[in-house]
Amino acid sequence: EQLERSGYLGSFPHLAGTVFSFEGDEHDAATQLELASRHEDWSEFQHMSEMVLSPAACYPLYPAVAARGPLPEGGLTLDTGDSYVFRREPSNDPARMQIFHMREIVRVAERETVVAWREAWRSRAEELLRSLGLEIELDIANDPFFGRSGRILASAQREQELKWELLAPVAGDKLTAIASSNYHQDHFGHTYELHTFAGEPAHTGCMAFGEERITLALFSAHGLDTASWPGEVTDKLGLSA
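Residues numbered from 1 in each chain as written. Predicted model: local features only at pLDDT ≥ 70, side-chain atom pairs only at ≥ 80, totals over all residues. Heavy atoms only, no water.

Below, the discussion takes up the sheet that holds strand 6 (residues 163-171). Taken in spatial order, the six strands of this open sheet run 3-4-8-7-6-5, and their pairing is antiparallel. Strand pairing shows two members of the sheet lacking a second neighbour, strand 3 (76-86) and strand 5 (137-140), which therefore form its edges. In this sheet, neighbouring strand axes are inclined to one another by 25° on average, regardless of whether the strands run parallel or antiparallel. Of the pairings in the sheet, the one linking strand 4 (residues 99-109) to strand 8 (residues 203-210) comprises eight bridges and is antiparallel in character. Residue Glu 104 lies in a different strand from strand 8, and its bridge partner there is Ala 208. Contacting strand 3, strand 4, strand 5, strand 6, strand 7 (174-185) and strand 8, helix 5 (residues 111-130) runs over the sheet at an angle of about 15° to strand 8. (Pairing = 2+ DSSP bridges. Helix = DSSP H or I, 4+ residues; strand = E, 2+ residues; numbered from the N terminus. Axes fitted to C-alpha atoms, helices over the stretch in contact; angles between N-to-C directions. Contact = heavy atoms within 4.5 Å.)

Here it is, written out as structure tokens:
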């Protein structure tokens, strides 16, 4: 229900992952096993459950916060910790996994507060990643919206600078986004009736770090032997003896 309300299926139906499970009897189970043993289609015995795979670490937060009532004065800052997320993007690129870890920090407040917070994180995140010896480039970006209408959404997102990415070399000289920030404006405020202290629809923004991609970028920058990495980097990462 949360995924349905979020609007994700309208923008990214090609990336969503749903959980299907067996609900049949013994005869169905035997038939399913027989088909599966021949690698034939056994999907008729699988039925859609109420569970989906989370496409972003922040998505479960908005309905949970909205259920608590209006935000406190000044809003909230939330940290998702280390979260698994899923996006159906099969690829041989080691930096484009379908299941990966995302550390996401979320700001929920009135517009001016969220915009200022996001601007502060633009330089803070770049400084943090550069301190690990990574070559970072900042770029205005867009999400992979689906279909013809998605191209319009992507263009508007770039024009309004609602998404930016921090890029670093991961495989050779290829630059890959290892961190990003999205400004959702008041989308989730309206969707979940999430209100500020003053009673207005809340604005939301997030700062996300792709943990596997950052790890790959570190190996690309410093080599596979962590013992040979610069001391200032290992100190920051807690790898020093």
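The end-to-end C-alpha separation of helix 3 (residues 26-37) is 16 Å, in line with the 16 Å expected for twelve residues at 1.5 Å each. Measuring from the backbone nitrogen of His 27 back to the side-chain oxygen at the start of helix 3 gives 3.2 Å, which picks out Asp 25 as the cap. Looking one or two residues past helix 3, His 39 carries a phi angle of roughly 55°, positive in sign. (Expected span 1.5 Å × (residues − 1). Polar contact = N/O pair within 3.5 Å; in protein donor to acceptor, adjacent residues only side chain to side chain.)

Moving on, we get to the side chain of Ser 6. Within the fold, Ser 6 resides in helix 1 (residues 2-6). Reaching out from Ser 6, the side chain makes a polar contact with the backbone oxygen of Leu 3 at a distance of 2.7 Å. Sequence-distant contacts of Ser 6, defined by excluding residues within four places in its chain, comprise Tyr 59, His 187, Phe 188, Thr 191 and Tyr 192.

Even without a glycine there, the phi angle at His 39 is positive, about 55°. Secondary-structure assignment places His 39 in the loop between helix 3 and strand 2 (46-53). Classification of His 39 by relative accessible area gives exposed; the value is 76%. Even without being a glycine, Glu 161 presents a positive backbone phi close to 55°. With respect to the helices and strands, the residue Glu 161 is situated in the loop between helix 6 (147-159) and strand 6. (Buried < 20%, exposed > 50% of the residue type's maximum accessible area, 1.4 Å probe, protein only.)

Summarising the element assignment, Pro 13 is placed in the loop between helix 2 (8-11) and strand 1 (17-22). By relative accessible area, Pro 13 is classed as partly exposed at 35%. Considering only alpha carbons, one finds Pro 13 and Phe 146, 133 residues apart in sequence, at a separation of 7.1 Å. Residue contacts for Pro 13: discarding those within four places in its chain leaves Tyr 8 and Phe 146.

By the criterion of burial, strand 4 is predominantly enclosed, with eight of the eleven residues buried. Of the pairings in the sheet, the one linking strand 3 to strand 4 comprises nine bridges and is antiparallel in character. The residue bridging Thr 77 from the neighbouring strand is Arg 107, located in strand 4.

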